[in-house]
Amino acid sequence: MSTELPASRRTVLRGAALAGAAGAAGVGLTACGGKKGSSAGPTAAADLGAASEVPVGGAKLYRDDKVLVSQPSQGAFKAFSAVCTHQGCVLDSVDGTTASCPCHGSKFNAETGAVVQGPATRPLPAVKVTESGGKLTAGPASS
């Protein structure tokens, strides 16, 4: 004869709640990251609009197009994928020439793509950018 007592209703409900919370946490992590280390920027040429929107000595984030464009000096544009190399989140802000990832706090130099603050360890990949008639076009990512 067994001496084990059957699980109480409270114990069963508590276990179910914990399992549900763990499952929900897993879904949240997946939504945040995407492919680990993915750095895909635009897959086709993207019309970004007026070149004058990118400040000289600063940068502009084109989040929907997944492109970060800087203008280190008048008329000289550089572009990078706006997808964090840590876990694939799209960057969400630019302060001067520093672009930030909202997921884990990585920061990147918008003029070079270099990591300024981890956890990312790889720079943002370069993206081709051209200016014609006062308009910018970017993409796809360069090799």
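Please read these numbers as outputs of a predicted model, since none were measured by experiment.

1. Some thoughts on the state of the cysteines
So, point 1. Across all of its chains, the model carries one disulfide by this definition.
So, point 2. A disulfide-free cysteine, C84 has its sulfur positioned 3.9 Å from the sulfur of C101, the nearest such atom.
So, point 3. With relative accessibility at 1%, the residue C84 sits in the buried group.

2. A word on the confidence of the model for the protein
Detailed reading of the predicted coordinates is not advisable wherever pLDDT falls low.
So, point 1. Averaged over the protein, the pLDDT score is 79; the fraction of residues at 70 or greater is 67%.
So, point 2. In the predicted structure, residues 16-38 sits below a pLDDT of 50 and forms 19 contacts with residues beyond four places in sequence or in another chain.

3. Notes on the pattern of salt bridges
So, point 1. All told, the structure shown has one salt bridge when counted by the stated rule.
So, point 2. Close ionic contact of K60 with E53 constitutes a salt bridge, the shortest N to O distance being 2.6 Å.

4. Observations regarding the sheet that holds strand β8 (residues 115-117)
Sheet strands pair via backbone hydrogen bonds, and the direction of the pair is either parallel or antiparallel.
So, point 1. Strand order in the open sheet made by the four strands is β5-β6-β7-β8, with antiparallel pairing throughout. The two strands at the open ends of the sheet, each matched to only one other strand, are β5 (93-95) and β8. Neighbour-to-neighbour, the strand axes of the sheet open up by a mean angle of 30°, direction not taken into account.
So, point 2. With two bridges connecting them, strand β7 (residues 107-109) and β8 associate as antiparallel partners. Within β8, the residue paired with F108 across the bridge is V115.

5. Here we look at the environment of A99
So, point 1. Structurally, A99 can be placed in strand β6 (residues 98-100).
So, point 2. On the basis of relative accessibility, which here comes to 0%, the residue A99 falls in the buried class.
So, point 3. Between the alpha carbons of A99 and V116 there is a distance of 9.1 Å; along the sequence they are 17 residues apart.
So, point 4. The contacts of A99, once residues within four sequence positions are left out, are L68, L91, S93, V94, S106, K107 and F108.

6. Quick notes on the nonpolar core
So, point 1. Core analysis: the largest hydrophobic core is formed by 14 residues, its most contacted members being L68, C84, L91, F108 and L124.
So, point 2. With 13 residues, the next largest nonpolar core counts A46, Y62, L136 and A138 among its residues.

7. A look at the environment of E53
So, point 1. One can find E53 in the loop between β1 (46-50) and β2 (59-62).
So, point 2. Sequence-wise, E53 and K135 are 82 residues apart; in three dimensions their C-alpha atoms are separated by 9.6 Å.
So, point 3. With sequence-adjacent residues up to four places away left out, E53 is seen in contact with K60 and Y62.

8. Section: unusual backbone geometry
So, point 1. Here K66, not a glycine, exhibits a phi torsion of approximately 60°, which is positive.
So, point 2. Its place among the elements puts K66 in the loop between β2 and β3 (67-73).
So, point 3. Taking the relative accessible area as the measure of exposure, K66 reaches 36% and is therefore partly exposed.

Cut-off values and rules
Residues numbered from 1 in each chain as written. Predicted model: local features only at pLDDT ≥ 70, side-chain atom pairs only at ≥ 80, totals over all residues. Heavy atoms only, no water. Disulfide = S-S within 2.5 Å. Buried < 20%, exposed > 50% of the residue type's maximum accessible area, 1.4 Å probe, protein only. pLDDT = per-residue confidence, 0-100. Contact = heavy atoms within 4.5 Å. Salt bridge = Lys/Arg side-chain N within 4 Å of Asp/Glu carboxyl O. Pairing = 2+ DSSP bridges. Helix = DSSP H or I, 4+ residues; strand = E, 2+ residues; numbered from the N terminus. Axes fitted to C-alpha atoms, helices over the stretch in contact; angles between N-to-C directions. Core = buried A, V, L, I, M, F, W, Y, C linked by side-chain atoms within 4.5 Å.

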